[in-house]
Each structure stands twice: as structure tokens, then as C-alpha cells.
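Structural features, examined
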Amino acid sequence: MEQENSNPSVALIVGVTGMAGLSLAEALKKPSTPGGPWKVYGASRRPPPSWFPPSLIDHFISFDALDAINTAQKLSLLSGEVTHVFWVAFQLLESEEINVARNSTMLRNVLDVLTTPTTTPRSSRLLHVSLQTGTKHYMGPIFDPSLAGQLVRHEPPFREESPRLPYPNFYYALEDLVASYSKYLTYSVHRSSIIVGASSRSIHNLLLTLAVYAGVCKHQALPFRYPGNKYTLEHFCDMSDARVLAEQHIWAAVTDKAKNHAFNCTNGDVFTWKSVWKLLSKIFDVEFVPFDEKEQFDWVEMMKDKGEIWDEIVEKHGLYKTKMEEITCFDALKTVLNFEFQHVSSMNKSREFGFFGFADTMKSIQTWVQRLRDMKIIP
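Every value quoted in this text rests on a predicted model; they were computed, and no experiment measured them.

The rules behind these values
- Residue indices begin from 1 for each chain and proceed along its sequence in written order.
- Totals for whole chains, interfaces and linings use every residue, but because this is a predicted model, local features are given only for residues with pLDDT of at least 70 and side-chain atom pairs only at 80 or more, for both listing and counting.
- The basis for every side-chain value is the complete set of heavy atoms in the structure, and neither hydrogens nor water enter the calculation.
- Only DSSP runs of H or I reaching four residues or more are called helices, and only runs of E reaching two or more are called strands; each is numbered from the N terminus.
- The contact definition used throughout considers only heavy atoms, calling two residues in contact when any of these lie within 4.5 Å.
- Every helix has an expected span of 1.5 Å times one less than the residues it contains.
- The cut-offs for exposure are 20% and 50% of the maximum accessible area for each residue type, with area from a 1.4 Å probe on protein chains only; residues under the lower value are buried, those over the upper are exposed, and the others partly exposed.
- For patches, a residue must show more than 30% relative accessible area and have no salt bridge; joins then use 9 Å for like charges and 5 Å for nonpolar side chains, namely Val, Leu, Ile, Met, Phe, Trp and Tyr.
- We get accessible surface area from the Shrake-Rupley algorithm with a probe of 1.4 Å; when it comes to residues, only the shown protein chains can shield them.
- Whenever Lys or Arg places a side-chain nitrogen within 4 Å of a carboxyl oxygen from Asp or Glu, that contact is recorded as a salt bridge.
- For the purpose of counting charges, residues Lys and Arg are taken to be positive, whereas Asp and Glu are taken to be negative. His and the chain ends are not included.
- Taken as the charge location is NZ of Lys, CZ of Arg, CG of Asp or CD of Glu.
- Stacked, edge-to-face and tilted are the three classes for Phe, Tyr and Trp ring pairs, Trp counted by its six-membered ring, which pair at centre distances within 6.5 Å; planes under 30 degrees apart are stacked, over 60 edge-to-face, the rest tilted.
- By the criterion adopted, a ring carries a charge over it if an Arg CZ or a Lys NZ lies within 6 Å of its centre and within 35 degrees of its normal.

Structural notes on the environment of Phe 263
Its location among the elements puts Phe 263 in strand S10 (residues 261-265). Expressed as a C-alpha distance, the spacing of Phe 263 and Arg 351, which sit 88 residues apart in the sequence, is 9.8 Å. Apart from residues no more than four positions distant in its own chain, Phe 263 is found in contact with Glu 160, Val 189, His 190, Arg 191, Gln 248, Trp 251, Ala 258, Lys 349, Ser 350 and Phe 353.

See the structure below:
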């Protein structure tokens, strides 16, 4: 079930400075982690931020995966060493057709280098690719404005065996791409829900977005109002703790039964945004404001001009230097908070295959808020 110590495991985490990447690095370096001891290469397009602990990885590599030449220059010497790729890197634009092209190019460039023997006597050792996707698999490209109002999703709870939807989806493209390398390696696909973790580099960090919103409300003595609809406020949703997600990635990478399968990955419980809003009000010391449909407001428009306010907060509290527009996703979170269905995934397949990782979502939120504070990303 696990890699033999005589054949050391060497991981390449592409997207190591994101929420999932950080938790993967932390998990892989634990002495008790299955398949270990692991040597860990961490990679991202930009150098690591100051909050990233250098002790979590053995070597850091910065390269542009869209550039085949740059990718080959940086990774060719690793092709005789890396045994596992953990792919948790995305580039997201509004057009899903562009997302398909860009993300497929990135992954193909990396895999082409790592599955091609080097000029030295060593040949490629790559055994497994662990691919991060998400529940957009079951909903379609919900952030593409050209498809607004046209999408027909699967009914929740979302299940892995559901057929693909008839829309462009870069998750589908990446799954097909890794499957095309099955002559050389195995793979696993990990469909997360809303990821909760700590990073200033993740494209869709909903918890950080909410923390910034709460910080602005507190700084300006504004009401911390819920910006979604009543249905989502009162109905069930689920999340994925980045630590549980990391556990599942590693479990599938070293478990024969899990090879070449896709798995949902959530905390295993559900929550309502009403209960989360009460918790956030307490955590961030802002007054809880009961939801009133008559007082709905344009959240995205409200936050457009708050960048300078966030700059003041960063300066006041001596935080890691960030720009609000770079660390928040108000548009994406607005979409999530206005769903007209319960965003819930089934974890039955994971359990049947032997993965039992879980987290208490309410405790998870508190843990990651404290982590963001410890990293000096939020006050």
C-alpha cells in the first residue's frame, strides 16, 4: 500500500504557496506521513512570500508553467528524481474556454518534462499525479459570465459517478490530460468543496475575503451584513479543510485501490451560512446583523473603493503587505452566497475506498482565522 523506503518518495507540489499547497507541504514533512520519508520540492510562478516557512520544503523552484522552455529549464534535472506530482495550481480568467487552454498547457508542459528521460543515464521515476479540482465539476463554469443563467447542474449531494455536463470545463480537460499519460503513471482526482485554509496567494480564498470584509467593517464602524440570499443563508453547504484535502491527496498517492479514481473531498459535515455568520461576527468582534431581505445590497460595488481602507488596516496592524484586490474574491463569493441549491457533496466513495479524514467545519474556520493572524495576513 505504501512506497518502500528503499525507493524514496519525492514530491513536486506545483502551487505550493496556495492553501492546498501549504497544507500538502506540512503534511508531507511529518515523519508519520504514509509513503515517507518524503523529499519535497515546492514550486510556484513567483518566489515564496515571507510568511511561507522555508523548512516545509527541501527545495523551492520558481517557473512559468505556461512557458514550455522555462518549464523544461527548471524541471528537466528533476525528471530522474520526482516520483509524485501534486497539482494544486490554477490560472483562472472569466472565459472557461481560455481556462481550458491555459491550465491544460501548464499541466502538459510539466508532465512532458517529468515523463521524458533526461540526458543522464537516469530515466523518469514519475509514478503518480494527484490532481486538484472541485465542485464546479458538477455545476459547470459558474464564473463565466457568457453562460450566466444557462447552466444546468447536477442535483446535490454531488456524486463522483455523475456524468459530465455539456459545457466547457477545465477540470474535465485536466482529468483527460492526466489520463492520457496512464501508459507511464497512475493518477487521482480530488474534487474539493469550498477550501478553507491560509494563504495570501490562493485565487479563491473565501475565508480571507470574509476576513478582509470584516476588517473593513470594523475599521469603518460599518454593519457586518450578510451579502447573499435567504436560501443560501438557511440551507446546507459544506467546506474542505486544506489539511483534510492534503491527507486525501497523499492517501490516494500511496494506496493502490485509489489509483485512477476521482474522489470528492469535504470535511464530512455541513453548515449553514447563518451559523457561520454568527461565528465570524464573534471571531472578528463585529456586531451580528440579522438578515433582512429588504436591505439587500451590492456587496461587490460596496467593496470596490475599499482598497485604501485595507491599506490603512495593513499599516495600522503591521501586517504582511497585500493589496485588497489581490487577496479577495468578492465576485466569486457573491456567486456562492447566492446559490439556489444546497452545495453538498457525498463522501461515500471516499469512505468505501478507505479514506476517513474529517474536520469540524466550525472549529476549522476558527483554526484557520488564527493561522491567518499568526501569519500577519489579517489583524
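Observations regarding helix H8 (residues 242-254)
Compared with the 18 Å implied by 1.5 Å per residue over 13 residues, the 19 Å span of H8 between its first and last C-alpha is a close match. Judged by how many residues are buried, H8 sits mostly within the fold: 11 of 13 residues are covered. Looking at H8, one finds that the buried residues are Ala 242, Val 244, Leu 245, Ala 246, Gln 248, His 249, Ile 250, Trp 251, Ala 252, Ala 253 and Val 254.

Side note on a negative patch on the surface
Residues Glu 234, Asp 292, Glu 293 and Glu 295 make up a contiguous surface patch of negative charge. As for its position among the elements, Glu 295 is in the loop between helix H9 (273-283) and helix H10 (299-303).

What to know about the packing of aromatic side chains
Counting across every chain of the model gives 19 aromatic pairs. When the ring of Phe 271 is compared with that of Trp 273, the centres are 5.3 Å apart and the planes differ by 80°; the resulting orientation is edge-to-face. In this structure Trp 273 comes out as buried when scored by relative accessible area, which is 0%. On the basis of an interplanar angle of 90° and a centroid distance of 5.0 Å, the ring pair of Trp 299 and Phe 330 is categorised as edge-to-face. A residue pair is termed long-range when its members are at least 10 positions apart, and Trp 299 in helix H10 and Phe 330 in helix H13 (residues 330-336) qualify at 31 residues. For the pair Trp 299 and Phe 330, a shared accessibility class is recorded, and that class is buried. A connected cluster of aromatic rings, assembled from ring pairs, spans Tyr 213, Phe 224, Tyr 226, Trp 277, Phe 291, Trp 299 and Phe 330. Note that Lys 349 overlies the ring of Phe 263, its terminal NZ or CZ placed 5.1 Å from the centroid. Here Lys 349 stacks its cationic end above the ring of Phe 353, 5.6 Å away from the centre of that ring.

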